[in-house]
Amino acid sequence: MTDDPFAAPPAVVRLAQYTKTDQSEILGDAADPFGVADTGLTWRPKDEHFGIRRAGRLVAHTGLVRLPLSVGGAATEAVGVGGVAVAADTRGQGLARLVMAAALDHARTMGPRHALLFCRPPLVALYRRLGWRVLEGDIHVEQPTGPVVMPLCTMWTPLHEDAPWPEGPVRLHCLPM
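A brief look at the structure comes next.

About the thresholds
- Residues numbered from 1 in each chain as written.
- Predicted model: local features only at pLDDT ≥ 70, side-chain atom pairs only at ≥ 80, totals over all residues.
- Heavy atoms only, no water.
- Phe/Tyr/Trp six-rings, centres within 6.5 Å; stacked < 30°, edge-to-face > 60°.
- Buried < 20%, exposed > 50% of the residue type's maximum accessible area, 1.4 Å probe, protein only.
- Pairing = 2+ DSSP bridges.
- Helix = DSSP H or I, 4+ residues; strand = E, 2+ residues; numbered from the N terminus.
- Right-handed = clockwise from strand over helix to strand, strands pointing away.
- 1 Å grid on protein atoms, 1.4 Å probe; cavity = no way out; pocket = protein on both sides within 12 Å on 5 of 7 lines; lining within 4 Å.
- Points joined across faces, edges and corners; volume = space filled by probe spheres on them.
- Nonpolar A, V, L, I, M, F, W, Y, C, P; charged D, E, K, R; others polar.

**Side note on the packing of aromatic side chains**
Okay, step 1: Considering all chains together, one arrives at two aromatic pairs under this definition.
Okay, step 2: Plain terms: the ring middles of Tyr-127 and Trp-132 are 6.5 Å apart, the flat faces sit at 75° to each other, and that makes the pair edge-to-face. For the pair shown, Tyr-127 and Trp-132 are each scored as buried.
Okay, step 3: Centroid distance Trp-156 to Trp-165: 5.6 Å. Interplanar angle 45°. Geometry classified as tilted.
Okay, step 4: The exposure class of Trp-156 is buried, given its relative accessible area of 7%.

Shown next as structure tokens:
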């Protein structure tokens, strides 16, 4: 972080790929960097990746993937947001907001009306500050053994102004992101 109040904010770039090495560059080599291993879930990789580099080092990331789902029995799609990560030594500088905003700008061009993410309860306040809303009720997600209830908090945000979340039970017809 610079003390120059006129310094430009860091640029968010679209990444051609996002590897385990990239993730380690941001979060280190911990066995469970997102703190979700105890859920026992299998996760879906993201297709689109956005990041922030400082001095050549990747310090923030957000990934996107289109998700088939149903709400109230009606088939639809959402853009799944996942792999949100900010290096510990750069937290508190607005990087999550920047990388998330760039990813959501791109998500608005993908077609679906909503974005969806899953997070641990301690992160709900952060995502609320970024404009996300808690989706109440059980969310069923696919796993290799069949559908299960998502044990993490589910949050959503509209990708367009006229996009309230529809009523009814939610089922993700793929692995969670």
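That was the structure; now back to the text.
**Section: the pairing of strand E4 (residues 74-86)**
Look at any regular strand and the pattern is simple: side chains alternate between the two faces of the sheet.
Okay, step 1: In terms of strand pairing, strand E3 (residues 57-71) meets E4 through eleven bridges, oriented antiparallel. Bridged to Leu-69 within E4 is Thr-76.
Okay, step 2: The loop that links E3 with its antiparallel partner E4 comprises two residues; one of these, Gly-72, has a positive phi angle of about 60°.
Okay, step 3: Bridging between E4 and strand E5 (residues 114-119) involves two bridges; their strand directions are parallel. When the bridges of E5 are listed, Val-79 appears paired with Ala-115.
Okay, step 4: Taken together, E4, helix H2 (residues 95-107) and E5 constitute a β-α-β crossover, and its handedness is right-handed.

**With respect to the pairing of E5**
Okay, step 1: The buried fraction of E5 amounts to six of the six residues, a majority that puts the element mostly inside the structure.
Okay, step 2: Summarising the sheet, E5 and strand E9 (residues 153-158) pair through six bridges and their orientation is antiparallel. In the strand pairing of E9, Cys-119 is matched with Cys-153.

**Remarks on the layout of surface pockets**
Okay, step 1: As a volume, the largest pocket reaches approximately 1000 Å³.
Okay, step 2: Along the wall of the largest pocket there are 43 residues; nearest its centre are Phe-34, Gly-83, Val-84, Ala-85 and Tyr-127.
Okay, step 3: Considering each element in turn, the lining of the largest pocket owes the most residues, six residues, to E4.
Okay, step 4: Classifying every residue of the lining of the largest pocket by side-chain character gives 25 nonpolar, eleven polar and seven charged.

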